[in-house]
Amino acid sequence: MVLIFVWQGHPDKLFQRKLRELEMEGARISWDELTCVGYPVSENVTEKLCRDIESFREKARMTEHSVKKEQLINWKILKQNEGKLLATNAYALLTSDYFPFSKTQCAVFKGTDRAVFLDKREFIGPIYTQIESAVDFVLRNIRLGATIDGLVRKEKYELPPKAIREMIINAHCHRNLLDESCIQVAIYDNRLEVTSPGGDCTMD
């Protein structure tokens, strides 16, 4: 089985989006740093995001685990304006399903094309929960073998879980946020294909 990463997009639309990207780059503006007008900043939601980031940093064995509101401001996830906290697009992506395009569609297909699907799921919500759900979906639907080494039984997936996670993370991190398509994860008999708005990637 191979793993494929796909960049998706029509040439004309890609050209239009590239122009918008260049305009934003010229103004030194990043889409995820823009204020998400009308999106509320909740104390409970902000505290949960901080706790979740702390948990990730601890699992990654980073020296500093603590994450406070001030760090979210430094990271440009939140903005301060006249004493008020404003949400950025990044804050909305990390705390909700506010943007319709922010979802991960996963499917298992019979054979090597999309003629017949066996199962499908759509994951919404904060990006990091989508990633975990998509990785779990893939691991449930690829083969898991086992070998015996002396008295020890060792289980091994046909594709490395670390590589699967990295592919799905990259699809989200490097997607074109000006494109309204969503991330797609497709499992075929011979490959795992991850499609990101804006390309294709395959893995043995």
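Structure first, text after, so check above.
Calculation notes
Residues numbered from 1 in each chain as written. Predicted model: local features only at pLDDT ≥ 70, side-chain atom pairs only at ≥ 80, totals over all residues. Heavy atoms only, no water. Helix = DSSP H or I, 4+ residues; strand = E, 2+ residues; numbered from the N terminus. Buried < 20%, exposed > 50% of the residue type's maximum accessible area, 1.4 Å probe, protein only. Areas by Shrake-Rupley, 256 points an atom, 1.4 Å probe, with all protein chains shown as cover. Expected span 1.5 Å × (residues − 1). Arc of directions from axis to C-beta. Contact = heavy atoms within 4.5 Å. Polar contact = N/O pair within 3.5 Å; in protein donor to acceptor, adjacent residues only side chain to side chain. Pairing = 2+ DSSP bridges. Salt bridge = Lys/Arg side-chain N within 4 Å of Asp/Glu carboxyl O. 1 Å grid on protein atoms, 1.4 Å probe; cavity = no way out; pocket = protein on both sides within 12 Å on 5 of 7 lines; lining within 4 Å. Points joined across faces, edges and corners; volume = space filled by probe spheres on them. Nonpolar A, V, L, I, M, F, W, Y, C, P; charged D, E, K, R; others polar. Phe/Tyr/Trp six-rings, centres within 6.5 Å; stacked < 30°, edge-to-face > 60°. Lys NZ or Arg CZ within 6 Å of the ring centre and 35° of its normal.

## Some points on the overall build of the protein
Logical step 1: Broken down by element type, the protein carries six helices and 10 strands.
Logical step 2: The 204 residues of the protein split such that 36% are buried.
Logical step 3: If you sum the accessible surface of the protein, you get close to 12,500 Å²; carbon and sulfur atoms cover 52% of it.

## Digging into helix α2 (residues 43-59)
Logical step 1: Relative to the 24 Å expected for 17 residues at 1.5 Å per residue, α2 spans 24 Å between its end C-alpha atoms, a close match to the ideal helical length.
Logical step 2: Along α2, the positions that sit buried rather than exposed are Thr46, Leu49, Cys50, Ile53 and Arg57. Along the long axis of α2, the arc covered by the buried residues comes to 100°, so they all point the same way. Every exposed residue of α2 that faces more than 90 degrees away from the buried side is listed here: Asn44, Glu58 and Lys59.
Logical step 3: The inward-facing, buried residues of α2 abut α3 (69-74), β2 (78-81), α4 (89-95) and α5 (127-141).
Logical step 4: Between the side-chain oxygen at the start of α2 and the backbone nitrogen of Asn44 there is a gap of 3.3 Å, and the oxygen is on Ser42.

## A short note on α5
Logical step 1: The end-to-end C-alpha distance of α5, which contains 15 residues, comes to 21 Å, matching closely the 21 Å that a straight helix rising 1.5 Å per residue would cover.
Logical step 2: Restricting attention to buried positions, one finds in α5 the residues Ile127, Gln130, Ile131, Ala134, Val135, Phe137, Val138 and Leu139.

## Describing the pairing of strand β7 (residues 152-157)
Logical step 1: Burial analysis of β7 places just zero of its six residues in the buried class, a small minority of the element.
Logical step 2: Between the end of strand β6 (residues 144-149) and the start of β7, which pair antiparallel, lie two residues, with Gly150 showing a positive phi angle near 70°.

## Re the pattern of salt bridges
Logical step 1: Scanning the entire structure with this criterion turns up nine salt bridges.
Logical step 2: A salt bridge links Lys48 to Asp52; the nearest nitrogen and oxygen atoms lie 2.7 Å apart. Separated by four residues within a single helix, Lys48 and Asp52 lie in helix α2, roughly one turn from each other.
Logical step 3: Exposure remark for Lys48: the relative accessible area of 40% places this residue in the partly exposed category.
Logical step 4: A cluster of three or more residues bridged by salt bridges with shared partners is formed by Arg114, Arg191 and Glu193.

## Quick word on the layout of surface pockets
Logical step 1: The volume enclosed by the largest pocket comes to roughly 1,200 Å³.
Logical step 2: Lining the largest pocket are 35 residues, and of these Leu94, Ile127, Tyr128, Ile131 and Cys173 sit closest to its centre.
Logical step 3: Listed by contribution, the elements that provide at least two residues to the lining of the largest pocket are α1 (11-26), α2, α4, α5 and α6 (161-173).
Logical step 4: Broken down by element, the lining of the largest pocket gets its largest block of residues, seven residues, from α2.
Logical step 5: When its residues are assigned to classes, the lining of the largest pocket shows 20 nonpolar, four polar and 11 charged.

## Topic: the packing of aromatic side chains
Each aromatic ring pair is summarised here by two numbers: the centre-to-centre distance and the angle between the ring planes.
Logical step 1: For the structure shown, the criterion picks out eight aromatic pairs.
Logical step 2: Ring geometry for Tyr98 and Phe99: centres 5.1 Å apart, planes at 85°, overall edge-to-face.
Logical step 3: The exposure class of Tyr98 is partly exposed, given its relative accessible area of 41%.
Logical step 4: By relative accessible area, which is 12% here, Phe99 ends up buried.
Logical step 5: Clustering of aromatic rings is evident, with ring pairs tying together Trp31, Tyr39, Tyr91, Tyr98, Phe99 and Phe101.
Logical step 6: Lying across the ring of Tyr188, Arg191 places its NZ or CZ 3.7 Å from the centre.

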